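# Structural overview
Chain residues, written in single-letter form:
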Amino acid sequence: MLRIGLTGGMGAGKSTVARLLVEWGAVLVDSDAIAREVVEPGTEGLAALVEAFGEAILAEDGSLNRPALAAVAFADDESRRTLNSITHPLVGRRTAELIGAAPADAIVVQDVPLLVENSMGAMVQLVVVVMADERLRVHRLERFRGIAPDDARARIRSQATDDQRRAAADVLLDNNSDAEALAPQVARLWQERLVPFERNLRTRTPARRPAEIQLAEPDPEWADQAQRLIGRLWVACGADAKRIDHIGSTAVGGLPAKDVIDIQVTVADMAAADELRDRLADAGFPRWDGFESDTAKPTAADPSGTDTTAWRKRLHGNADPARIANIHVRAQGSPGQRFALDFRDWLRADADARAEYLEVKRRAEAAAAGCDGEAATKAYLSVKEAWFATVYDRVPRG
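Every chain is numbered on its own, with residues counted from 1 as its sequence reads. With pLDDT at 70 or above as the cut-off, local features in this predicted model cover only qualifying residues; side-chain atom pairs require 80 or more to be listed or tallied, and sums for whole chains, interfaces and linings still use all residues. Each side-chain value is worked out from all heavy atoms of the structure, with water and hydrogens disregarded.

### What about helix H4 (residues 66-73)?
Just so we agree on the cut-off: Type-normalised accessible area, obtained with a 1.4 Å probe on protein chains alone, sets the label of each residue: buried when under 20%, exposed when over 50%, and partly exposed for intermediate values. Here a strand is any run of E in DSSP of at least two residues, a helix any run of H or I of at least four, and the numbering for each starts at the N terminus. Read the arc as the range of directions from the helix axis to the C-beta atoms. Whether two residues are in contact is decided by their heavy atoms, any of which lying within 4.5 Å being enough.
Residues of H4 that are buried: Ala68, Leu69 and Ala73. Taken end-on, H4 shows its buried residues confined to a sector of 120°, consistent with a single buried face. More than 90 degrees from the buried face of H4, the exposed residues found are Pro67 and Ala71. In this structure, the buried residues of H4 make contact with helix H3 (44-53) and helix H5 (77-101).

And the structure:
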């Protein structure tokens, strides 16, 4: 199933987005609601809190008196750790139960207020952040929750900053107006991104880039987009990944490129690469079948550059239709693995190399003009690969 992390600062309108997504068919898992549920009267959670902090944390009806709990649980670091050791496992277990009960083709939206603060973006396949100006958020908190403006501002500023949320967000929703303006944004998100993303994930189909190949101007967001993908790949691969790197043209600042993020996952050997197939697919990175090696380059051991044995790899793609990405899984120390890193670093360090490569890319773009799909890719790569063969020995080895 597709798991979406939904977050936003106090007063941003996260609850409104959650409601709209549920209306479209999402399964909502609300972290705040779960946190209340696991400490209701009669639960093991409430019993554990009473044992740890005493009966003074209870209201007259036997329910949890939250202000009383806060007064003792946040008095010092040890008490806070005790509170977290009780509630966090319970919330995690209940969250897993609710997600596990959702249909296999569900789009699960996890409403997590502190997703950014707790660095949880890598645990879901897409992060949606609701944004609104602080002035408007303060007004909403005063009007709808009765929170005094100074208190509202203090609470807002204790949370993640807007810049931190932007860096964590795959999708930003602007809620500086009202629900009528927000609803079309949610509709587009659901119809154009979430539904096809879930379908690609379920059928293990990588998302395809547009048929026509065009270079885009450098995008300052490429680096953050790559880091979010890398975080999810680390979760999927675990210790089987030796390193994970942003490679290719989008990893070189200021260089025009196809709007495709390239990531290299380095593994011990190709057996390890094959063992990752299902885990990567489940995480949203299904394999492209038929791509078993890079184009071989002339080397001392293979002057003709025709032996692809040493250049084997596995190629996966991102299932997200709005963020095309290629995931190259290569063995540690293989010529393809080393060249991907050395070539990137050469371009980063050498302005002349960047200019030369950009000229080659422009020629490749021209060669692909008027072609679609596989024909365009072949025309584009024929120009680039011929140049790679000529510069392979010029690239400094790291």
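Once you've had a look at it, read on.
### Quick notes on the side chain of Gln125
The criterion, for reference: Under the rule applied, a polar contact is a pair of N or O atoms within 3.5 Å (in protein, one hydrogen donor and one hydrogen acceptor; residues adjacent in sequence only if both atoms are side-chain atoms).
Among the structural elements, Gln125 can be located in the loop between strand E3 (107-111) and strand E4 (126-131). In this structure the side chain of Gln125 is engaged in a polar contact, spanning 2.8 Å, whose partner is the backbone nitrogen of Arg3. If sequence neighbours within four positions are ignored, Gln125 has contacts with Met1, Leu2, Arg3, Phe197, Leu201, Arg232, Asp282, Ala283 and Gly284.

### Regarding empty space enclosed by the protein
Definition in use: Two kinds of site are reported from a 1 Å grid over the protein atoms alone, namely cavities, where a 1.4 Å probe fits but cannot get out, and pockets, open sets with protein on both sides within 12 Å along at least five of seven lines, and residues are called lining when an atom falls within 4 Å of a point. Grid points are joined across faces, edges and corners, and a volume is the space filled by probe spheres set on the points. As a working rule, the residues Ala, Val, Leu, Ile, Met, Phe, Trp, Tyr, Cys and Pro are called nonpolar, Asp, Glu, Lys and Arg charged, and the rest polar, with Gly in that last group.
Applying the stated criterion across every chain, the model contains 1 cavity of 30 Å³ or more. Of the volumes computed, that of the largest cavity is approximately 100 Å³. Lining the largest cavity are 15 residues, with Gln125, Leu229, Arg232, Asn318 and Asp320 positioned closest to its centre. Elements represented by at least two residues in the lining of the largest cavity include exactly helix H9 (179-203) and helix H10 (222-237). With 4 residues, the top contributor of residues to the lining of the largest cavity is H10. The residue inventory of the lining of the largest cavity, partitioned by class, reads 5 nonpolar, 4 polar and 6 charged.

### So, the sheet that holds strand E9 (residues 325-331)
Inclusion rule: Pairing between two strands is assigned when DSSP locates at least 2 bridges connecting them. Whenever a helix is involved, its axis is fitted only over the stretch in contact; in every case the axis is a line through C-alpha atoms, and angles between N-to-C directions fall within 0 to 180 degrees.
If you trace the 4 strands from one edge of the open sheet to the other, you get E6-E7-E9-E8, paired in mixed fashion. The open sheet has two edge strands with one neighbour each: strand E6 (243-247) and strand E8 (314-317). Geometrically, the sheet is characterised by an average inter-axis angle of 25° between neighbouring strands, direction not taken into account. In the sheet, E6 pairs with strand E7 (residues 261-267) via 5 bridges, with the strands oriented antiparallel. Paired with His246 across the bridge in E7 is Ile263. Seen against the sheet, helix H13 (residues 335-349) touches E6, E7 and E9 and runs at an angle of roughly 45° to E6.

### Focus: the sheet that holds E3
Read across the sheet, 5 strands follow the order E2-E3-E1-E4-E5 without closing on themselves; strand pairing throughout is parallel. Of all the strands in the sheet, the pair left with one neighbour each is strand E2 (27-30) and strand E5 (171-174). Between one strand and the next, the sheet's axes are offset by a mean angle of 25°, whatever the strand orientation. Of the strand pairs in this sheet, E4 and E5 are connected by 4 bridges, and their pairing is parallel. Bridging across to E5, Met131 finds its partner in Asp174. The strands that helix H1 (residues 14-24) touches are strand E1 (2-8), E2, E3, E4 and E5; relative to E1, the one it contacts most, it runs at about 155°.

### Things to note about unusual backbone geometry
Positive phi, close to 50°, is recorded for Ser119, a residue that is not glycine. Along the chain, Ser119 falls in the loop between E3 and E4. The class for Ser119 is exposed, based on a relative accessible area of 63%. Even without being a glycine, Arg204 presents a positive backbone phi close to 55°.

### Some words on the nonpolar core
Side chains of a nonpolar character, in soluble globular proteins, are inclined to be buried together. Quick reminder of the rule: Buried Ala, Val, Leu, Ile, Met, Phe, Trp, Tyr and Cys residues form a nonpolar core when they are joined through side-chain atoms within 4.5 Å.
Leu233, Ile263, Val265 and Leu280 are the most contacted members of the largest nonpolar core, which totals 25 residues. Looking at this core, the elements that each hand over two or more residues are H10, E7, helix H11 (270-275) and E9. For this core, the element with the most residues is H10, which contributes 7 residues. Apart from residues no more than four positions distant in its own chain, Leu280 is found in contact with Leu233, Ala236, Cys237, Phe285, Pro286, His316 and Val329.

### A closer look at the layout of surface pockets
In this structure, the second largest pocket encloses a volume near 1,400 Å³. Along the wall of the second largest pocket there are 45 residues; nearest its centre are Leu315, Asn326, His328, Thr377 and Leu381. Per-element accounting of the lining of the second largest pocket gives the leading share, 9 residues, to helix H15 (residues 373-391). Residue classes in the lining of the second largest pocket are distributed as 19 nonpolar, 11 polar and 15 charged.

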